[in-house]
Amino acid sequence: MKGVAIGENGQLRALIVRIEGPAESPEQSEEYLEELLFLTRSAGYAVMHVFTYGWRRPDPATFLTKGRVQEVQAYIEVHKDAIDFILVDAELSAVQVRNLEKAWGKPVTDREGLILEIFARNARTAQAKAQVELARLEYELPRLAHQWTHLSRERGGIGLRGGGGEQQLEADRRKIRKQITQLRLKLKEYAKQAAIRREKRETLPRVALVGYTNVGKSTLMQLITKAPVLVADRLFATLDTTTRKVVLQGVPFLLSDTVGFIRKLPPNLLQAFLTTLAEVKEADLLLLVVDASSPGYLEQLRTVERTLETIGAADIPILLVMNKIDRLTPEQRELLETTWHAQSPYPTVFVSAATKENLHKLYAQIVTLLEQVALSKK
Ligand SMILES: Nc1nc2c(ncn2[C@@H]2O[C@H](COP(=O)(O)OP(=O)(O)OP(=O)(O)O)[C@@H](O)[C@H]2O)c(=O)[nH]1
Ligand SMILES: [Mg+2]
């Protein structure tokens, strides 16, 4: 299977269980699987095998039906030395995790646990680290009683939980609750400081790059600001908002690069990143970047639109940036451009950050839209 690596360089090896959505097309199914493999690799895990199952109503005890639990169990029996943990791509309750771990004899994690791992790996600044840590502790608290935990940061992964009875458990819970309270206070302080910084900042128009993860936001940030920015072919490379002053055609503004969004982003994590996303909420213009070469770009766009609504940024003017057009054939590109211009509610530019094609058009559009924003503010 494409994208499957066998536990090289000491990576933890995952067995994946994916459950298709109730109305998933074969194309979507393939794309979601690709994304899931990419997520798993972005977390630094190797994928050993994938079980894909059709939609069934979740069993409250084990999420999966009995038959499926047994089928996976049979596979694990045979391959137990080649599998370190099982990833179920769903939202599992603490009880379901516990029961699955009992049945399979290996640690089990879910989609939120996986995304948390990626965020933990990529957090760079103290604020991003605190945000991820808070989300992680909140995720961990109800799951403490299970056999394995993600808590130990030194290991940075999934591991065995040292024995410990009820008393130990209660002590652990108290400790975590205390940490959560402290982190919330710390984050409040960060938010206050950031607000003060924004207040003090020059009263320049603000532009924010937003979009699905891995679409090329940071690459564009780098091109526009001509300053080095972390760009990587992995999901959620950027977790911190960076803001820089830019002057395009004599028009100065502040440009921010932000954390990417994803389908089924755990609400807990989005909540944790609201401080970082304040920059988006207060922007005068959003550059909504789309990967035009991804078959699922429309759905990704909807995900971003919904997320913008959730964070209260739905009313900000949008310039849609269709990126990565270098990956399209001339025919595909023409079809996309004509159909898109006929139906899109947004002004749109088609660009390639890789070949720099049409960047001048992007710059001209940003300037035009900023002038409009300035006029409407008067
Ligand atoms: N072919 C092609 N690749 C691109 C283009 N723009 C960016 N990329 C590549 O896409 C990958 C992701 O780019 P980033 O700029 O890190 O994407 P991002 O949106 O900031 O991603 P996150 O921070 O993870 O949300 C990198 O490997 C880039 O080199 C483009 O126009 N064409
Ligand atoms: Mg980025």
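Conventions adopted
Residues numbered from 1 in each chain as written. Chains lettered and ligands numbered in written order. Predicted model: local features only at pLDDT ≥ 70, side-chain atom pairs only at ≥ 80, totals over all residues. Heavy atoms only, no water. Domains from an automatic or database assignment. Contact = heavy atoms within 4.5 Å. Buried area = accessible area lost by both parts, 1.4 Å probe. Salt bridge = Lys/Arg side-chain N within 4 Å of Asp/Glu carboxyl O. Polar contact = N/O pair within 3.5 Å; in protein donor to acceptor, adjacent residues only side chain to side chain. Helix = DSSP H or I, 4+ residues; strand = E, 2+ residues; numbered from the N terminus. Nonpolar A, V, L, I, M, F, W, Y, C, P; charged D, E, K, R; others polar. Pairing = 2+ DSSP bridges. Axes fitted to C-alpha atoms, helices over the stretch in contact; angles between N-to-C directions. Near = heavy atom within 4 Å. Areas by Shrake-Rupley, 256 points an atom, 1.4 Å probe, with all protein chains shown as cover.

### Details of the domain arrangement of the protein
Reasoning step 1: What the domain assignment lists for the protein is domain 1 (13-122), domain 2 (124-152 + 159-200) and domain 3 (203-377).
Reasoning step 2: A C-alpha centroid distance of 32 Å is found between domain 1 and domain 3.
Reasoning step 3: Facing 14 residues of domain 1, the contacting portion of domain 3 comprises 22 residues.
Reasoning step 4: Of the roughly 1,700 Å² buried between domain 1 and domain 3, counting both surfaces, carbon and sulfur atoms make up 60%.
Reasoning step 5: If you look at where domain 1 meets domain 3, you find 0 salt bridges.
Reasoning step 6: Between the two partners, domain 1 and domain 3, sit 8 residue pairs in polar contact (both at pLDDT 80 or more).
Reasoning step 7: If you list the elements that add at least two residues to the side of domain 1 that touches domain 3, you get helix H1 (26-42) and helix H4 (111-122).
Reasoning step 8: In terms of residue class, the side of domain 1 that touches domain 3 is made up of 7 nonpolar, 3 polar and 4 charged.

### Details of the sheet that holds strand S10 (residues 285-291)
Reasoning step 1: Judged by pairing direction, the sheet is mixed, and its 6 strands sit side by side in the order S8-S9-S7-S10-S11-S12 without closing on themselves. The sheet terminates laterally at strand S8 (242-248) and strand S12 (348-350), the two strands that pair on one side only. Strand-to-strand twist of the sheet, defined as the mean angle between neighbouring strand axes without regard to direction, takes the value 25°.
Reasoning step 2: Bridging between strand S7 (residues 206-211) and strand S9 (residues 251-257) involves 4 bridges; their strand directions are parallel.

### A short note on the site of ligand 1
Reasoning step 1: The environment of ligand 1 is formed by 23 residues, the closest being Lys217, Thr219, Ala237, Thr238 and Asp326.
Reasoning step 2: In this structure, an oxygen atom belonging to ligand 1 sits 3.1 Å away from a side-chain N or O atom of Asn323.
Reasoning step 3: At 3.1 Å from an oxygen atom of ligand 1 is found a main-chain nitrogen or oxygen belonging to Ala354.
Reasoning step 4: The protein chains hide 88% of the 660 Å² of surface that ligand 1 would expose on its own.
Reasoning step 5: When its residues are assigned to classes, the shell around ligand 1 shows 8 nonpolar, 9 polar and 6 charged.

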